[in-house]
Amino acid sequence: MRKSVLHDFYVGNVAPWEQRSYVDPKAREIIRKADDEEKHLVSRLSPEDVEHLQEFKKLMHHIMTIDEVEVFKIGYKLGALMVMEVLEEKGVAKNG
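These numbers come from a predicted model, not from an experiment.

(A) Structural context of the overall build of the chain. Regarding its fold elements, the chain presents four helices and zero strands. Going from the N terminus to the C terminus, the chain shows its helices and strands as α-α-α-α. Relative to its length of 96 residues, the chain is extended, with a C-alpha radius of gyration of 21 Å against a globular reference of 12 Å. Along the longest, intermediate and shortest principal axes, the C-alpha atoms of the chain span 70 × 25 × 25 Å. Summed over its atoms, the accessible surface of the chain is roughly 9200 Å², and 62% of this surface lies on carbon and sulfur atoms.

Below is the structure:
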């Protein structure tokens, strides 16, 4: 029997952000370079400036999360509209 996506969604088991994996070698390389750049900066900053950098990173993470949620909502609505259109064309949505 196939697992129900709707059931998983209802009980909170649908978490797309947890399924993200950076299998693309380009993405992994960019992440590695960003880590190297951060280490370089941190090694040259004063302790106070390191704290500011960490706070900056937290704020950037927060705004990126807000943005990802909005993009997810837009994509979800678009997908629902596409399904509705397909069902209407087949007469399913109108006739049950």
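(B) Structural view of a nonpolar patch on the surface. A cluster of nonpolar side chains, Val 5, Phe 9, Val 14, Phe 72 and Tyr 76, forms an exposed patch at the surface whose accessible area comes to about 500 Å². Mapped onto the nonpolar patch, the elements with two or more residues apiece are helix 1 (5–10) and helix 3 (47–90). Considering the arrangement of structural elements, one finds Val 5 in helix 1. Residue classification places Val 5 among the exposed residues on the basis of a relative accessible area of 56%.

(C) Just helix 2 (residues 25–44), in detail. Over its 20 residues, helix 2 extends 29 Å from the first C-alpha to the last, a length consistent with the 28 Å expected when each residue adds 1.5 Å. Two or three places before Lys 26, at the opening of helix 2, Asp 24 has a side-chain oxygen 2.9 Å from that residue's backbone nitrogen.

(D) Seen up close, helix 3. Its 44 residues give helix 3 an end-to-end C-alpha distance of 64 Å, which sits within 8% of 64 Å, the value for a rise of 1.5 Å per residue. Just downstream of helix 3, Gly 91 is the residue with a positive phi angle, here 80°.

(E) Representation of the side chain of Asp 8. By the element assignment, Asp 8 lies in helix 1. By relative accessible area, which is 14% here, Asp 8 ends up buried. Aside from chain neighbours lying at most four places away, what touches Asp 8 is Lys 3, Asn 13 and Val 14.

(F) Representation of the environment of Met 84. Summarising the element assignment, Met 84 is placed in helix 3. What makes Met 84 partly exposed here is its relative accessible area of 44%.

(G) The arrangement of the pattern of salt bridges in detail. Applying the stated criterion to the full structure yields four salt bridges. Among the salt bridges present, the one from Arg 32 reaches Glu 29, with a minimum N-O distance of 2.6 Å. Here Arg 32 pairs with Glu 29, and both are found in helix 2, just three residues apart, close to one helical turn. Taking the relative accessible area as the measure of exposure, Arg 32 reaches 41% and is therefore partly exposed. Judged by its relative accessible area of 32%, Glu 29 is partly exposed. Residue Lys 73 is joined to Glu 70 by a salt bridge in which the shortest nitrogen-to-oxygen separation is 3.0 Å. Residue Lys 73 and its partner Glu 70 are both found in helix 3; the two are separated by three residues, about one turn of the helix. Overall, Lys 73 belongs to the partly exposed group, its relative accessible area being 36%. Judged by relative accessible area, Glu 70 falls into the partly exposed class, the value being 36%. Several salt bridges share partner residues, and in doing so they unite Glu 29, Arg 32 and Asp 36 into one network.

Rules of the game
- Residues numbered from 1 in each chain as written.
- Predicted model: local features only at pLDDT ≥ 70, side-chain atom pairs only at ≥ 80, totals over all residues.
- Heavy atoms only, no water.
- Helix = DSSP H or I, 4+ residues; strand = E, 2+ residues; numbered from the N terminus.
- Rg over C-alpha atoms; globule rule 2.2 N^0.38 Å.
- Areas by Shrake-Rupley, 256 points an atom, 1.4 Å probe, with all protein chains shown as cover.
- Patch = residues over 30% accessible without salt bridge, like charges linked within 9 Å, V, L, I, M, F, W, Y side chains within 5 Å.
- Salt bridge = Lys/Arg side-chain N within 4 Å of Asp/Glu carboxyl O.
- Buried < 20%, exposed > 50% of the residue type's maximum accessible area, 1.4 Å probe, protein only.
- Expected span 1.5 Å × (residues − 1).
- Polar contact = N/O pair within 3.5 Å; in protein donor to acceptor, adjacent residues only side chain to side chain.
- Contact = heavy atoms within 4.5 Å.

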